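# Observations on chain architecture
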Amino acid sequence: GALATGKALADAKKFEELLEVKRAKQQLQSQLEAENQRQIRDDVRLTFEERIAANDELARILDEQTSKEKEVADEKVRIAKLELSTQETSVELQTKYQQALLEQLDIDERIAGLRSEQKTNEATLDAELEATRQEVQLATMGAREQELLALKQDYDAKIELARQAGEDDVAITK
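The shown structure was predicted, so the numbers you read here are calculated from the model rather than taken from an experiment.

## Considerations on the side chain of Glu16
Mapped onto the elements, Glu16 comes out in helix α1 (residues 2–41). Here Glu16 falls in the buried class, since its relative accessible area comes to 13%. Once you skip the residues sitting within four places of it in the chain, Glu16 turns out to touch Lys76, Ile79, Glu83 and Lys96.

Okay, here's the thing in structure tokens:
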């Protein structure tokens, strides 16, 4: 009973210090890998395919980072809860437990911000690729075809603006 709990607690406290070092190392390694992918994604000298692949790899890194960091944070919560169970009135142990829960939230918030940046760049790359394809298409056409394509692109752009604004496109389609 109490002896087993005491030993489990002592082992957990030792393990917790190691966990924190591992978490910090994992976080820095993931941040370095993610930054390398951002540099590839943002290098306009590369092809769209290479840049999109880098952005996709960035998303994978963020998923992996979230999983690994949450594993450690969950274990820290478990350890803090175990400690708290031995002295439930200890304000120090209650605070430690709440800090472990806070760390879980911090991971979610930080990764959500990084993921938002990654998704924004995904949309930007898609738009740049489409614009480039349209320019290439335009360059290979005769004057009459260019004029028709320009009208279609202008129309499509207005329809998209109406959609984004939540407006009815009936007036545009008339």
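## Quick word on the nonpolar core
Among the nonpolar cores identified, the biggest contains six residues, and these are Val77, Ala80, Leu84, Leu93, Tyr97 and Ala100. Among the elements of the structure, α2 (48–86) and α3 (91–139) are those that each provide at least two residues to this core. Look past the residues within four positions of Tyr97 in its chain and what remains in contact with it is Val77, Ala80, Lys81 and Leu84.

## A closer look at the pattern of salt bridges
For the coordinates displayed, the defined rule picks out 22 salt bridges. Among the ionic pairs, Lys76 bridges to Glu20, the shortest N-O distance being 2.4 Å. You can see Lys76 sitting in helix α2 and its partner Glu20 sitting in helix α1, a full 56 residues away along the chain. The exposure class of Lys76 is buried, given its relative accessible area of 11%. The residue Lys96 makes a salt bridge to Glu83 at a minimum N-O spacing of 2.7 Å. Here the residue Lys96 occupies a position in helix α3, and Glu83 occupies one in helix α2, the gap between them amounting to 13 residues.

## Notes on the environment of Glu83
Residue classification places Glu83 among the buried residues on the basis of a relative accessible area of 3%. Sequence separation between Glu83 and Gln65 is 18 residues, and the spatial gap between their C-alpha atoms is 27 Å. The residues contacting Glu83, other than those within four sequence positions of it, are Leu9, Lys13, Glu16, Leu93 and Lys96. Within the structure, Glu83 has its side chain in polar contact with the side chain of Lys96 (distance 2.7 Å).

## Focus: the confidence of the model for the protein chain
When the pLDDT values of the protein chain are averaged, the result is 90; 96% of them are 70 or greater. Confidence, expressed as mean pLDDT per element, reaches its minimum in the protein chain at helix α5 (residues 170–173) with 66 and its maximum at α2 with 94.

## Points about the packing of α2 against α3
Where α2 contacts α3, the two axes come as close as 9 Å, and the packing angle between them is 170°. Classified by the angle between their axes, α2 and α3 sit roughly antiparallel to one another.

## Some details on helix α4 (residues 143–165)
Helical geometry: 3.6 residues make up each α-helical turn, so side chains three or four residues apart lie on a common side. Compared with an ideal rise of 1.5 Å per residue, which puts 23 residues at 33 Å, α4 spans 33 Å between its outermost C-alpha atoms and is within 8% of the ideal. Backbone geometry just after α4 places Gly166 at a positive phi near 75°.

About the thresholds
- All chains use their own residue numbering, which begins from 1 and follows the written sequence.
- Whole-chain, interface and lining totals are the exception, using all residues; otherwise, since this is a predicted model, local features are given only for residues with pLDDT of at least 70 and side-chain atom pairs are given and counted only at 80 or more.
- Neither water nor hydrogens contribute to the side-chain values; these are computed over all heavy atoms in the structure.
- In DSSP terms, a helix is any run of H or I states spanning at least four residues, a strand is any run of E spanning at least two, and both are numbered starting from the N terminus.
- The buried label goes to any residue with under 20% of its type's maximum accessible area, the exposed label to any with over 50%, and the partly exposed label to all in between, with areas taken from a 1.4 Å probe on protein chains only.
- What makes two residues a contact is simply this: any of their non-hydrogen atoms within 4.5 Å.
- What makes a nonpolar core is a set of buried Ala, Val, Leu, Ile, Met, Phe, Trp, Tyr and Cys residues whose side-chain atoms join them at distances within 4.5 Å.
- Salt bridges are defined as contacts in which a side-chain nitrogen from Lys or Arg sits within 4 Å of a carboxyl oxygen from Asp or Glu.
- Two N or O atoms form a polar contact when they lie within 3.5 Å of each other; inside protein one atom must be a possible hydrogen donor and the other a possible acceptor, and for residues adjacent in sequence the pair counts only when both atoms belong to side chains.
- Scored between 0 and 100, pLDDT is the confidence that the predictor attaches to each residue.
- To obtain each axis, a line is fitted to C-alpha atoms, and for helices this fit is confined to the stretch in contact; angles are then taken between N-to-C directions over 0 to 180 degrees.
- An angle counts as roughly parallel when it lies under 35 degrees, as roughly antiparallel when it exceeds 145, as roughly perpendicular when it falls between 65 and 115, and as oblique in every other case.
- The span you would expect from a helix comes to 1.5 Å times its residue count less one.

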